[in-house]
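Residues per chain, in single letters:
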Amino acid sequence: MTADRGEPFEQIVGSSSQSVTHFPSLQRYRSVGRRIGVTSAARVAVALGALAAFSGGLQAQQPCTEDVMIVFDASRSMAASSGEKSGLRRIDAVRGALAHVLPQVSKRRHIGLITYGPGRRDACSNISLELRPSEDAADKIMARIDRLQPDGKTPLTTSVRRAAEVLDFRNRPVTIVLLTDGEETCGGSPCALAQALRDEGAQTTVHVISYQIASAIGPGGSFESRCLADETGGIYAATDTAEQVIDALQTTLACPMVSDVTPELLNNEALNSSTVHR
């Protein structure tokens, strides 16, 4: 995620989420470093240089191996004004961000969609599996999101749990991206769910993107549902503008940077591209 659109990086993702424990790709790099036997600061630097040079090409050539499910908040509060432009609702701002990001990322990654909020059932039961993860899904996802009219409550805990089940989280690594402007309002416990996903899953990562969350938690309030990211090694991004949502989506929906780089490739390229002086 870049900070060149006017906001400091720490304001976008939140201070505690900057640590390496909240970025799975960096955790993977640490494990790669251990496996290839990096023994000096110079070799670490060379390896990082090789990684920067080759990861972009690898990502361009290879699809992501982990499916991702977007969990989209279409509750009544998303009808509120975004304050960014006259007549622009929160749901419109987030739609626009998704429309900007999805065409590119969906070419390399299977993406699905779950929504909650509007519907004819009990307000806390209006959770809809709109699309299972599928190839090049941008148009299908946007068609479903464009039809949504904000209404209902925020059963985000049950929605994230549903996403994990659809992705078969117990048997394979999965990624969930939650987009919300509010807290759980249907009695669920996001933190208890986060612990269950961590303990029961093969490797479940939940990224949480909040939009204008201050209106829900008050000035200086604590956003409890961020623990879904904190407990699963995901990213928590507190956003207030559509541009920040774009940055957050580009980061959370991108392929893991290091997962496609084998230890052998990284080690060989590092040693062949430069001389290490001990």
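Residues numbered from 1 in each chain as written. Predicted model: local features only at pLDDT ≥ 70, side-chain atom pairs only at ≥ 80, totals over all residues. Heavy atoms only, no water.

Remark: helix α4 (residues 90-105) packs on helix α5 (residues 138-146), axes separated minimally by 10 Å, with the N-to-C direction vectors making an angle of 170°. On the basis of their axis angle, the class for α4 and α5 is roughly antiparallel. For the pair formed by α4 and α5, the contact residues are Arg 95, Leu 98, Ala 99, Leu 102 and Pro 103 on the first element and Ala 138, Ile 141, Met 142, Ile 145 and Asp 146 on the second. For the contact of α4 with α5, the class distribution of residues is 8 nonpolar, no polar and 2 charged. (Axes fitted to C-alpha atoms, helices over the stretch in contact; angles between N-to-C directions. Helix = DSSP H or I, 4+ residues; strand = E, 2+ residues; numbered from the N terminus. Parallel < 35°, antiparallel > 145°, perpendicular 65-115°, else oblique. Contact = heavy atoms within 4.5 Å. Nonpolar A, V, L, I, M, F, W, Y, C, P; charged D, E, K, R; others polar.)

It is worth spelling out the sheet that holds strand β5 (residues 203-211) at this point. Pairing within the open sheet is mixed, and its 6 strands lie in the order β3-β2-β1-β4-β5-β6. Looking along the sheet, the strands with just one partner apiece sit at the ends: β3 (127-134) and β6 (236-239). Ignoring which end each strand starts from, the neighbouring axes of this sheet average 15° apart. The sheet contact formed by strand β1 (residues 68-73) and strand β4 (residues 173-180) spans 5 bridges and is parallel. Looking at β4, one finds that Met 69 is bridged to Ile 176. Set on the sheet, α5 makes contact with β1, β2 (111-116) and β3; between it and β2 the angle comes to about 10°. (Pairing = 2+ DSSP bridges.)

What follows covers the confidence of the model for the protein. With 69% of its residues at a pLDDT of 70 or more, the protein shows a mean pLDDT of 77. Across residues 1-61, confidence stays below pLDDT 50; counting only partners more than four residues off in sequence or on other chains, it has 107 contacts. (pLDDT = per-residue confidence, 0-100.)

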